[in-house]
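Here is what each chain is made of, one letter per residue.
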Amino acid sequence: MAKRMLVLGVESSCDETAVALYDADRGLIDHDIYSQLDLHTVFGGVVPELAARDHARKCAPMIEALLGRNHIKYIDLDGISYTSGPGLAGALLSGACLAAALSDRLGIPSIGVHHLEGHLMAVHLEPNPPAYPFLALLVSGGHTQLVAVRAFGEYETLGTTVDDAVGEAFDKTAQLLGLPYPGGPQLEALAAKVKQSAYAFPRPMVDRPGLDFSFSGLKTHVANVLRRHGSMTLEEKAEVAHAFQEAVFDTLVIKCRRAFEQTHIERLVIGGGVGANQVLRRKMQDLASRLDVGIHYPSAIFCTDNAAMIAYVGCQRLLHGAISSTIRIHPRMPLDDLEP
Ligand code: KG4
Ligand code: ZN
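Definitions and limits used
Residues numbered from 1 in each chain as written. Chains lettered and ligands numbered in written order. Predicted model: local features only at pLDDT ≥ 70, side-chain atom pairs only at ≥ 80, totals over all residues. Heavy atoms only, no water. Near = heavy atom within 4 Å. Polar contact = N/O pair within 3.5 Å; in protein donor to acceptor, adjacent residues only side chain to side chain. Areas by Shrake-Rupley, 256 points an atom, 1.4 Å probe, with all protein chains shown as cover. Nonpolar A, V, L, I, M, F, W, Y, C, P; charged D, E, K, R; others polar. Core = buried A, V, L, I, M, F, W, Y, C linked by side-chain atoms within 4.5 Å. Buried < 20%, exposed > 50% of the residue type's maximum accessible area, 1.4 Å probe, protein only. Helix = DSSP H or I, 4+ residues; strand = E, 2+ residues; numbered from the N terminus. Pairing = 2+ DSSP bridges. Axes fitted to C-alpha atoms, helices over the stretch in contact; angles between N-to-C directions. Contact = heavy atoms within 4.5 Å. Phe/Tyr/Trp six-rings, centres within 6.5 Å; stacked < 30°, edge-to-face > 60°. Lys NZ or Arg CZ within 6 Å of the ring centre and 35° of its normal. Donors = N, O, S within 2.8 Å, 3.2 Å for Na, K, Ca; no water. Tetrahedral: all angles 85-135°; square planar, octahedral: opposite > 155°, others 65-115°.

> Talk me through the site of ligand 1; I want residue IDs and the actual numbers.
The environment of ligand 1 is made up of 18 residues, and the closest members are Gly141, Asp171, Glu188, Gly273 and Asn277. Here Gly141 contributes a backbone N or O atom positioned 2.7 Å from an oxygen atom of ligand 1. Here Gly273 contributes a backbone N or O atom positioned 3.0 Å from an oxygen atom of ligand 1. Here ligand 1, which alone exposes 550 Å², has 88% of that area covered by the protein. Partitioned by chemical class, the residues of the shell around ligand 1 number four nonpolar, 11 polar and three charged.

In structure tokens, the structure reads:
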């Protein structure tokens, strides 16, 4: 008989407090995400100290509510997983301390999970997840990485951003266009107002070999266009947004194609917040058809930060024999250092 494993997952690396219950047999039981957006919007970005305090306030009541509405008691839990990094130190600590306290009280293991491993594995929350190996494009607010996923726990970073992450470039460009934070989805909506653009922005780093990315130059390019042009109509702004989005995504497509040629892997997974973007999904779908490789993405809710992916990874690690760790957070933490 398979080992019983019911895991509570806690995610608190940035500005979402999230909790989830994942069962090895039944899959995801339930999850909840609370966004601190209203708290940070007036500042135009996440304020780390406010984020940490809010996680500390919200997390325990969210766990209570999650267990309560699923008629699960604390003693039914077999383990707790929490995001141990990368992320904001104070925010990570509030989740880690709560997980450690619960684990101590209940006498069950608590497992620190790498946030990006969560994003890599979020696709396993969906029906028909991909077989290994797969190539993962992780595009979030803090990270842009191309990763060869050989097996659970075996990750090789093939390329990364040398400056801004894709989501960060979207957020900063959206701000230049006068859109509210976080700008990614707003920029996508603005760009969708036009079918094409009079602007043609450069595709950064595509003429150089390798799989690294750079997006800060593109954002500066937009700033220069806006400065030269002066005030713009909504339609003109939409054309700038459209050209920016095309340039970013064409670059991602070119690098993904290169990674496939290099690795001969036959499946692509898109993860991270920007993976919710429909234009990116369409472009990657086209690439996958042209290369005849499979493509998988988590549903939009599991592309952005969530605890379901943390509970899933914690559950797998416990099934693989991981033992409880002392409270550990790693605000910076390379994915390639993980062990299977
Ligand atoms: O994965 P995530 O929720 O948090 C991090 O780990 O960073 O990603 C958030 C990022 C933000 O930069 C947000 O603007 C971007 O993902 N994002 C999008 C879209 N939805 C979220 N960017 C472009 N288009 C979208 N539809
Ligand atoms: Zn994330």
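Following the structure, the description resumes.
> Please give an account of the nonpolar core that cites residues and values.
In terms of nonpolar packing, the biggest core is built from 49 residues, with Leu137, Leu146, Phe201, Phe244, Val248, Leu252 and Met284 touching the most fellow members. Mapped by element, the contributors of at least two residues to this core are strand E6 (134–139), strand E7 (144–151), helix H5 (166–176), helix H6 (183–191), helix H7 (216–229), helix H8 (234–263), strand E9 (267–271) and helix H9 (278–291). Ranked by the residues each element gives to this core, the list is headed by H8, at 13 residues. Core analysis: the next-biggest nonpolar cluster, separate from the first, contains 34 residues, Tyr22, Phe152, Ala311 and Cys315 among them.

> Tell me what's going on with the sheet that holds strand E8 (residues 154–160), and back it up with residues and numbers.
Ordered by their spatial adjacency, five strands build an open sheet running E8-E7-E6-E9-E10, and the pairing between neighbours is mixed. Either end of the sheet is taken by a strand with one partner, and the two such strands are E8 and strand E10 (294–296). Here the strands of the sheet are splayed against their neighbours by 25 degrees on average, with no regard to which way each runs. One ladder, built from four bridges, connects E6 with E9; its direction is parallel. Pairing of Leu137 across the sheet is with Ile270, part of E9. Across the sheet, H8 lies against E6, E7, E8 and E9, angled at about 155 degrees from E6, the strand it touches most.

> Outline the packing of aromatic side chains, supporting the account with residue identities and numerical values.
Remark: the centre distance and the inter-plane angle together describe each pair of aromatic rings, the angle taken between the planes. One pass over the full model with this rule turns up six aromatic pairs. An angle of 25 degrees between the planes, with centres 5.5 Å apart, marks the rings of Phe170 and Phe249 as stacked. Of this pair, Phe170 sits in helix H5 while Phe249 sits in helix H8, and the two are 79 residues apart along the sequence. Of the residues examined, Phe249 reaches a relative accessible area of 0% and is grouped as buried. Aromatic ring contacts, followed pair by pair, group Phe170, Phe244 and Phe249 into a single cluster. In this structure, Arg281 packs its charged tip against the face of Tyr297, placed 4.2 Å from the ring centre.

> Explain the coordination of the zinc ion (ligand 2) to me, and be specific about the residues and the numbers.
Here the zinc ion (ligand 2) is held by the protein donor atoms His115 (NE2), His119 (NE2) and Asp305 (OD), which lie 2.0 to 2.1 Å from it. For the zinc ion (ligand 2), the four donor atoms are set out with angles of 94 to 142 degrees between them, so the coordination reads as irregular. Donor residues binding the zinc ion (ligand 2) come from one chain and are separated in sequence as H-x3-H-x185-D. Of this pair, His119 sits in helix H4 (residues 115–121) while Asp305 sits in the loop between helix H10 (300–303) and helix H11 (308–319); the two residues are 186 residues apart in sequence, bridging distant segments of the chain.

By themselves, these observations are geometric and do not establish any function.
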